[in-house]
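Residues per chain are reported as follows:
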Amino acid sequence: MTTASSQEPAPRPGKGPRLRAALEGIPSYVPGRPAGEGPVTYKLSSNENPYPPLPGVLQTAISAADSLNRYPDLSCSALVAELAERFAVPVSHVATGTGSVGVAQQLVQATAGPGDEVIYAWRSFEAYPIITQISGATSVRVPLTAAEEHDLPAMADAVTDRTRLIFVCTPNNPTGTVTRRAELERFLDRVPQDVLVVIDEAYREFVRDPQAPDGIALYRERPNVCVLRTFSKAYGLAGLRVGFAVAHEPVAEALRKTAVPFGVSQIAQNAAIASLRAESALLERVAELVAERQRVSAALAAQGWSVPASQANFVWFRLGEDTMAFAAACEAAGVTVRPFAGEGVRATVGEPAANDILLRTAEAFLAERSDAGAGARTR
Ligand SMILES: *Cc1c(COP(=O)(O)O)cnc(C)c1O
C-alpha cells in the first residue's frame, strides 16, 4: 500500500539531520598536493611509488575491467589464498580491505567506542586520529622521542583499563624511523593480552635495518598482535585501494564482519595477485628506491641537515616554523612535498630527477637560512 500525504514532516527550524557529536572537530585527511603545473613538476607529497604498475599488472587490471557489470568476489578468496600461502598463515587469518587505512578503520570500529582509548605515537600517521574519533573513542597520543622514534616504554605506561587498541607504525609515517625488534618485544610483553596491538607496516618492503621487527613473525606467537600491510606503496597500486591484515581469530573474523561489502574491486584483487606474482620485478624497483633513499640521505647529511635515518620511501625534515617556507621553496622548484605546519616536511623519495630538485632546494634553503643567521633548527 502506498500512502501519499500532502503534509510534509515539520522541519526543525535551522537544523539538518542530526549527526553524531563524535564527528565534530574531526580533522580532515590532507591529501598530498598534486604535482604543480610548471615545466618540470613531480609529486613527492604522498609516498607513492613513482613507477607505473608493471605491464603484466596493467593488462590483468584491464581484462578484469571486462566484468565491471559484476560484483567482485566478496571474500577476495583468490587473493587471500595467495597471501596466506606467501606468509605461511591460515587463510582464516588474512583479511583484506579498501587499502590498509580501510582495514585500520575496521579494527578501531571493532574494538573501541565511546569511553575507550586508542594509543598511538605522535606525530604518526594522520589517519589514526580521524578513525579513532569517528568511532567515538579517545585518542591517547604519546610523543615521539627526540630521535623521532616511538617511545615504546611511554606507550606501555599509557595503557589503562580503557585501552582497547594500540597502533605501532614502523617505519613511522612521517619520520621514517623503525622500532627495534627487541624493544618491540619488551613492549608487547607489557601490554595486556586483551589489548589489540596493530603493527602498521605499510613500508615494510623498504626496510633494510636488520634490527627492525617483522610483524608477521611477532603475530605468530601473540594472539593480540595484528599486522597491516598494503599494496599502495612498494607495490605501486595506491590508486586501486587494497590492503590487508594478518591476525588471529577472533580479530580476523571481526574484520570480515566490519568490511564494506564488495569494497575491494575485482580489478584491485586481480592486480594485487598479479603484483605478488611479479614480485621479483617489483622488488627490483624497491631496491632502486632504497638506493635513492641512501643517496638522498647521504647528500642531505653532507649539506648539514640532520634528518632521521629513514627506512621508508620518504625523508623527514624537522623544520618547525620554517616548515611552510621550505614546502613553498620546493613547490617553486618543481616538487610538491607534504608539510605539517609548525612541525616539519615529509618528502617522498621519487624519481632521481625529482630527488635532485629536492636536494638542490634543501641546499639553497639551508644556505639562505644560515645567511639569515637563523642557524640550523633541525634536530
Ligand atoms: C600509506 C599508509 C598506509 C596505507 O594506506 P592504504 O590505505 O593502504 O593506501 C597505511 N599506513 C601508513 C602508516 C601509511 O603511511
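Residues numbered from 1 in each chain as written. Predicted model: local features only at pLDDT ≥ 70, side-chain atom pairs only at ≥ 80, totals over all residues. Heavy atoms only, no water.

K.L.:
Break down the sheet that holds strand S3 (residues 117-122) for me, citing the residues and quoting the values.
P.N.:
With mixed pairing, 7 strands are arranged side by side in an open sheet as S2-S8-S7-S6-S5-S3-S4. For this open sheet the edge positions go to strand S2 (94-97) and strand S4 (138-143), each flanked by a neighbour on one side alone. When the angles between neighbouring strand axes are averaged without regard to direction, this sheet yields 25 degrees. Here strand S5 (residues 163-169) pairs with strand S6 (residues 196-200) via 5 bridges, running parallel. Residue pairing in the sheet places Ile-166 in a bridge with Val-197 of S6. (Pairing = 2+ DSSP bridges. Helix = DSSP H or I, 4+ residues; strand = E, 2+ residues; numbered from the N terminus. Axes fitted to C-alpha atoms, helices over the stretch in contact; angles between N-to-C directions.)

K.L.:
Go over the nonpolar core with me, naming the residues and quoting the values.
P.N.:
With 50 residues, the main nonpolar core has Leu-79, Ile-166, Phe-187 and Phe-231 as its most contacted residues. Broken down by element, the residue count for this core peaks at 7 residues, all from helix H9 (residues 266-277). Core analysis: the next-biggest nonpolar cluster, separate from the first, contains 25 residues, Leu-107, Tyr-128, Leu-165 and Phe-167 among them. (Core = buried A, V, L, I, M, F, W, Y, C linked by side-chain atoms within 4.5 Å. Buried < 20%, exposed > 50% of the residue type's maximum accessible area, 1.4 Å probe, protein only.)

K.L.:
Any details on the sheet that holds strand S9 (residues 314-318)? Residues and values, ideally.
P.N.:
Within the open sheet, the 3 strands sit side by side as S9-S12-S11. Their pairing is antiparallel. Sheet topology places S9 and strand S11 (338-340) at the edges, where each strand pairs with a single neighbour. When the angles between neighbouring strand axes are averaged without regard to direction, this sheet yields 20 degrees. Where S11 meets strand S12 (residues 344-348), 3 bridges bridge the pair, whose relative direction is antiparallel. Residue Arg-338 lies in a different strand from S12, and its bridge partner there is Arg-346.

K.L.:
Can you break down helix H6 (residues 181-190) residue by residue, with the values?
P.N.:
Among the residues making up H6, those that are buried are Leu-184, Phe-187 and Leu-188. For H6, the angular spread of the buried residues around the axis is 100 degrees, confining them to a single face. Structural note: H6 exposes Arg-186 and Asp-189 on the side pointing more than 90 degrees away from its buried face. Buried residues belonging to H6 abut helix H5 (152-157), S5, S6, helix H7 (215-221) and strand S7 (225-230). (Arc of directions from axis to C-beta. Contact = heavy atoms within 4.5 Å.)

K.L.:
Could you give an account of the environment of Thr-96, naming the residues involved and the relevant values?
P.N.:
Locating Thr-96 in the fold gives a position in strand S2. Residue Thr-96 is classed as buried on the basis of its relative accessible area of 13%. C-alpha of Thr-96 to C-alpha of Ile-267: the two residues are 171 residues apart in sequence and 14 Å apart in space. In contact with Thr-96, other than residues within four places in its own chain, are Cys-76, Leu-79, Val-80, Val-103, Gln-106, Gly-243 and Phe-244.

K.L.:
Tell me what's going on with the environment of Pro-308, and back it up with residues and numbers.
P.N.:
Among the secondary structure elements, Pro-308 is positioned in the loop between helix H10 (279-303) and S9. Residue Pro-308 is classed as buried on the basis of its relative accessible area of 12%. Spatially, the C-alpha atoms of Pro-308 and Glu-351 are 21 Å apart, while their sequence positions differ by 43 residues.

K.L.:
Let's hear about the site of the ligand: which residues, and what values?
P.N.:
Near the ligand you find 13 residues, and of these Tyr-203, Thr-230, Ser-232, Lys-233 and Arg-241 are the closest. With respect to the ligand, the side chain of Asn-173 contributes an N or O atom lying 2.8 Å from an oxygen atom. Within the side chain of Ser-232, an N or O atom sits 2.6 Å from an oxygen atom of the ligand. Within the complex, the protein chains bury 95% of what would otherwise be the 380 Å² of accessible surface of the ligand. Among the elements that take part in the shell around the ligand, helix H3 (residues 99-111) stands out by supplying 3 residues, more than any other. (Near = heavy atom within 4 Å. Polar contact = N/O pair within 3.5 Å; in protein donor to acceptor, adjacent residues only side chain to side chain. Areas by Shrake-Rupley, 256 points an atom, 1.4 Å probe, with all protein chains shown as cover.)

K.L.:
For unusual backbone geometry, give the residues involved together with the corresponding values.
P.N.:
A cis geometry characterises the amide bond from Asn-173 onward to Pro-174, with omega recorded as 15 degrees. Omega for the bond connecting Glu-249 with Pro-250 falls within 30 degrees of zero, at 5 degrees, which places this linkage in the cis form. Tracing the chain through its elements places Pro-250 in the loop between strand S8 (243-247) and helix H8 (251-258). Here Cys-76, not a glycine, exhibits a phi torsion of approximately 50 degrees, which is positive. The class for Cys-76 is buried, based on a relative accessible area of 2%.

K.L.:
Tell me about the environment of Arg-123, and please be specific about residues and values.
P.N.:
In this fold, Arg-123 is placed in the loop between S3 and helix H4 (127-134). Overall, the relative accessible area of 13% leaves Arg-123 in the buried class. Sequence spacing of Arg-123 and Thr-170 is 47 residues, and the spatial spacing of their C-alpha atoms is 13 Å.

K.L.:
A description of the packing of aromatic side chains should follow, citing residues and the corresponding values.
P.N.:
Counted under the stated rule, the structure contains 15 aromatic pairs. Each ring, one from Tyr-29 and one from Phe-125, has its centre 6.3 Å from the other, and the planes form 85 degrees; the classification is edge-to-face. Remark: Phe-125 occurs in the loop between S3 and H4 and Tyr-29 occurs in the segment before strand S1 (42-43); sequence separation between them is 96 residues. Residue Tyr-29 is classed as partly exposed on the basis of its relative accessible area of 43%. With relative accessibility at 12%, the residue Phe-125 sits in the buried group. Ring-pair connections join several aromatic residues into one group, and the members of that group are Tyr-29, Tyr-120, Trp-122, Phe-125, Tyr-128 and Phe-167. Over the ring of Trp-122 we find Arg-141; its NZ or CZ atom is 4.1 Å from the centre of that ring. Over the ring of Phe-340 we find Arg-338; its NZ or CZ atom is 4.1 Å from the centre of that ring. (Phe/Tyr/Trp six-rings, centres within 6.5 Å; stacked < 30°, edge-to-face > 60°. Lys NZ or Arg CZ within 6 Å of the ring centre and 35° of its normal.)

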